[in-house]
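Coordinate analysis (summary)
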Amino acid sequence: MANWKIDSLSFAARATLVQTVTSTIPFYVMQRVKIPEATLKEIDRCNRRFLWGEKDGERKVHYVAWDQVCLPKECGGLGIRNLSLLNEAALSKLGWNLLKHEDGLWQQILYSKYGSNAFSCKSNASHLWRGIWSTAAILDEGVCWRVGNGKSIHFWLDTWLTDSPLASIVPEIPEEHLSPKVIDYWNGNDWHWFDLQPVLPREFLNLLRAQVLITEDANYDVMSWKFSDTGGFSVKGTYESLVGVDVYAADTRKWKKLWKCHGPARWNYLLSPWSSFN
């Protein structure tokens, strides 16, 4: 943007342009491939310079760290997205659809080419598969299960009884014993306590006693997303989890009230601490 145009824009206007235009341009590509980190850093650098009113050949003080600027508005930031984390969140949706809808056409094409293990990557893999593979840790953390008949859930490896897999709680389980499904530990009326009591802590045994399987075929297990209120995948919820903030915490209420004030957006900036940068 021309220097005279930068001078004519307030801090609020520049922040709005960064948030709604320059930070969103690469989002379509982000949903398909992992953009090189150097490219994302260069876009962030341009956004930072524009936000703080820098012109060609001129440097200005950046009064607030970029990580703080990229926090959600409810947490004291400006809601400008961290592009690297946004890229990971967007690609995680592909991984979720790959696991959730295994019978889809594009899923079957990828599985036939690379195998059914989404958490492995060959050296000659496509950019699409590499992008999905790069989100394996996020998928491992976010995928959880609502138990139905127990036929689709791995007893030790999947997240279904607590917030983490049981294998992370009982790490001494031999690798050859990690493959059974939940239904394999159910005898039709109760759990196989003879096998489970020696290895599971008491608190998890109590949780298991409260869990009853209905083994009818129509009672499917349901894969859910931990970072969503509805159980379906949410790029927004996943991004917020990667940022590491809780937008529903009690101390965010004052920020929510501020940014929800009726009127032009510049009024909100004038009422906030960010007005000192105008």
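Everything in this summary refers to the structure shown in the same document. (Residues numbered from 1 in each chain as written. Predicted model: local features only at pLDDT ≥ 70, side-chain atom pairs only at ≥ 80, totals over all residues. Heavy atoms only, no water.)

1. Some remarks on the overall build of the chain
Condition: By the criteria applied, helices consist of DSSP H or I runs no shorter than four residues and strands consist of E runs no shorter than two, each listed in order from the N terminus. Throughout, exposure labels follow a simple rule: accessible area from a 1.4 Å probe, protein chains only, divided by the maximum for the residue type, with under 20% read as buried, over 50% as exposed, and the rest as partly exposed. Contacts: residue pairs with any heavy atoms within 4.5 Å of one another. To measure how exposed things are, a 1.4 Å probe is used in the Shrake-Rupley method; for residues, cover is taken only from the protein chains shown.
Counting its secondary structure elements, the chain contains 15 helices and two strands. A buried classification covers 40% of the 278 residues belonging to the chain. In the chain, of all internal contacts separated by at least 6 residues, the share reaching a separation of at least 24 is 60%. A total accessible area of about 15800 Å² is found for the chain, and carbon and sulfur atoms account for 54% of it.

2. Some words on the pattern of salt bridges
Where charged atoms from two side chains of opposite charge come close, those side chains can pair. Which entries qualify depends on this criterion: What makes a salt bridge here is a side-chain nitrogen of Lys or Arg within 4 Å of a carboxyl oxygen of Asp or Glu, nothing more.
If you walk through the whole model with that rule in mind, you get four salt bridges. Across the pair Glu54 and Arg49 runs a salt bridge whose closest N-O atoms are separated by 2.8 Å. Under the relative-accessibility criterion, Arg49 is labelled partly exposed at 22%. Note that Glu141 and Lys226 form a salt bridge whose closest N and O atoms lie 3.6 Å from each other.

3. Digging into helix α7 (residues 105-114)
Structurally, the α-helix is built with 3.6 residues per turn, so residues lying three or four positions apart point the same way. Heads up, the condition is: Within this analysis, the arc is defined by the directions that extend from the helix axis to the C-beta atoms.
Of all the residues in α7, the buried ones are Gln107, Leu110, Tyr111 and Tyr114. Across the axial projection of α7, the buried residues extend over an arc of 100 degrees, all falling on one side. Exposed and facing more than 90 degrees away from the buried side of α7 are Leu105, Ser112 and Lys113. Looking at the packing, one finds that the buried side of α7 touches α6 (83-100) and α8 (127-133). Of the residues flanking the end of α7, it is Gly115, one or two places downstream, whose phi is positive at about 95 degrees.

4. Some remarks on the nonpolar core
Filter applied, for reference: Working definition of a nonpolar core: buried Ala, Val, Leu, Ile, Met, Phe, Trp, Tyr and Cys residues. They are joined through side-chain atoms within 4.5 Å.
In terms of nonpolar packing, the biggest core is built from 39 residues, with Phe155, Trp156, Trp160, Trp191, Leu196, Leu200 and Leu208 touching the most fellow members. Contributing elements (two or more residues each) for this core: α6, α9 (136-142), β1 (143-146), α10 (166-169), α11 (193-196), α12 (202-209), β2 (222-225) and α13 (235-243). Per element, the largest residue contribution to this core is six residues, and it comes from α6. When neighbours within four sequence positions are excluded, Leu196 is seen to be in contact with Phe155, Trp156, Tyr185, Trp191, Leu205 and Leu208.

5. Quick word on the packing of helix α4 (residues 37-51) against α6
To keep it simple, the criterion reads: Angles shown run from 0 to 180 degrees and are taken between the N-to-C directions of axes, each axis being a line fitted to C-alpha atoms and, for helices, limited to the stretch in contact. With respect to orientation, any angle under 35 degrees is reported as roughly parallel, any angle over 145 as roughly antiparallel, any angle of 65 to 115 as roughly perpendicular, and every other angle as oblique.
α6 packs onto α4 with a crossing angle of 130 degrees between their chain directions and a minimal axis gap of 9 Å. In this view, α4 runs oblique relative to α6, as classed from their interaxial angle. Residues Glu37, Leu40, Ile43 and Asp44 of α4 form the contact with α6, whose own contacting residues are Leu83, Ser84 and Asn87.

6. Topic: the packing of aromatic side chains
Rules: Put simply, two rings from Phe, Tyr or Trp (the six-membered ring, in Trp's case) pair if the centres are within 6.5 Å, and we call them stacked under 30 degrees between planes, edge-to-face over 60, tilted for the rest. Two limits define a charge over a ring: the Lys NZ or Arg CZ must be within 6 Å of the ring centre, and within 35 degrees of the ring normal.
Summed over all chains, the structure comprises 14 aromatic pairs. Relative to Trp225, the ring of Trp96 has its centre 5.6 Å away and its plane inclined at 75 degrees; by these criteria the two rings are edge-to-face. One end of the pair, Trp96, is in helix α6; the other, Trp225, is in strand β2, with 129 residues separating them in the sequence. Given the relative accessible area of 5%, Trp96 is considered buried. Aromatic side chains Trp186 and Trp191 sit 5.0 Å apart centroid to centroid with 75 degrees between the ring planes, which places their arrangement in the edge-to-face category. For Trp186, a relative accessible area of 10% gives the class buried. Here the basic side chain of Arg81 rests over the ring of Tyr239, its NZ or CZ set 5.0 Å away from the ring centre. Here the guanidinium or amino end of Arg209 rests over the ring plane of Trp193, the centre of that ring lying 4.9 Å away.

7. Looking at the environment of Thr39
Relative to the helices and strands, Thr39 resides in helix α4. Among the residues examined, Thr39 registers a relative accessible area of 36% and is labelled partly exposed.

8. Points about the side chain of Glu54
Selection rule: Polar contact criterion, stated in full: a pair of N or O atoms within 3.5 Å, where within protein one must be able to donate a hydrogen and the other to accept it, and residues adjacent in sequence count only if both atoms are side-chain atoms.
Here Glu54 lies in the loop between α4 and α5 (66-69). Note on Glu54: relative accessible area 4%, which makes it buried. Of note is the side chain of Glu54, whose polar atom sits 3.3 Å from the backbone nitrogen of Lys60.

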